[in-house]
Amino acid sequence: MSALEIKHLFGLRGVSKHDIRLILDHAKQFREILERPVKKVPSLRGMTVVNLFFENSTRTRTSFELAEKRLSADTVNFTSSNSSVKKGETLVDTLRNIEAMKIDIVVVRHKGTGVPKFLADNSNAIIVNAGDGAHEHPTQALLDMLTVEEKLGTLEGKNITIIGDIRHSRVARSNLWGMSTMGAHVTLCGPSTLVPRNTDLMNHVTWEPDVKKAVENADAIIALRLQKERMDDALLPSMREYRNTFGITEELLECAKDKVIIMHPGPINRGVELDSDIADGEHSVILDQVTNGVAVRMAVLFLLAGGRNNENA
Ligand code: CP
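Residues numbered from 1 in each chain as written. Predicted model: local features only at pLDDT ≥ 70, side-chain atom pairs only at ≥ 80, totals over all residues. Heavy atoms only, no water.

Student: Is there a simple way to explain the overall build of the chain in this structure?
Tutor: Regarding its fold elements, the chain presents twelve helices and nine strands. For a compact globule of 313 residues, the expected C-alpha radius of gyration is about 20 Å, and the chain comes in at 19 Å, within 12% of that figure. Taken along its principal axes, the extent of the C-alpha atoms in the chain is 55 × 45 × 35 Å. By residue count, 56% of the 313 residues in the chain fall in the buried class. Of the contacts formed within the chain by residues at least 6 apart in sequence, a portion of 75% connects residues at least 24 apart. Looking at the chain as shown, the accessible area adds up to about 13,900 Å², and 47% of this sits on carbon and sulfur atoms. (Helix = DSSP H or I, 4+ residues; strand = E, 2+ residues; numbered from the N terminus. Rg over C-alpha atoms; globule rule 2.2 N^0.38 Å. Buried < 20%, exposed > 50% of the residue type's maximum accessible area, 1.4 Å probe, protein only. Contact = heavy atoms within 4.5 Å. Areas by Shrake-Rupley, 256 points an atom, 1.4 Å probe, with all protein chains shown as cover.)

If you want it as structure tokens, here you go:
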């Protein structure tokens, strides 16, 4: 079957292996197109995509916008800071007004968990989640999975260790659902104050509080950003103590496999989650992740639009 079972992309929890495989395989084809001198295909010509960002973003918004342009879609960028949301307009009114301008796809980032689903329930547009609160960030996890497959050949049977602020991380959640569906084994590690409280989620992973043990069998290590903006209590004694205990350093990598790859969704707090020589060093695939982000987002938009657009890539 060459069509997605899902109609929107809210998250990776419950998304089938078939759909994830289809997205990753299409992303690999788009990755090749991105290496060509002419990087554009007509797949979404005539379609309009709105990027609705209520939270800051560098990578995700730029990456979606580039993906849309590479697919020949018309794109509109909306940021809450210069919109009528500031004058008190509700989310649904904002969406309905944008929808009245005949748009097809909405890419949304919002601090509220469940906003993408809420928008889908209240509009006819295809909705793509670009990060909702501490819930999910599915395209980040898909680009992480594409990077693991590109560097290690497969996700099946690989050990993926995610270190850091798991509790506030939508990236960790999407990765653990997606990667476990694809046959990888996910280990989580971080300060005990930043462990997720969701026991259902914890049943799908290994929790390893000792960072040296957490990295020793890892094929890939994903370091997460400390999300100080989502921490309403003092959950850490200090950044220095965090770095000394959980930071990825040369010394810690001596406990890991020689060929381990180091990943980070960005933005990086250099010298906190990752030392600079690791972020820029031989194990790092962080910029490959960013490149793969455009290809993954092209695949997601192309496949979700598939039911509504007759043109092919
Ligand atoms: N990885 C990620 O979501 O980065 P941005 O916040 O810059 O989009």
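Student: Quick question: what am I supposed to make of the sheet that holds strand β3 (residues 105-110) here?
Tutor: Spatial ordering of the open sheet is given by β2-β1-β3-β4, a layout of four strands whose pairing is parallel. Each of the sheet's edge strands pairs with one partner strand only, and the pair in question is β2 (74-79) and β4 (126-132). The average undirected angle you get between the axes of adjacent strands in this sheet is 15 degrees. The sheet contact formed by β3 and β4 spans five bridges and is parallel. Within the sheet, the bridge partner assigned to Val-106 lies in β4 and is Ile-127. Contacts between helix α12 (residues 286-305) and the sheet are confined to β3 and β4, with β4 contributing the most and set at about 150 degrees to the helix. (Pairing = 2+ DSSP bridges. Axes fitted to C-alpha atoms, helices over the stretch in contact; angles between N-to-C directions.)

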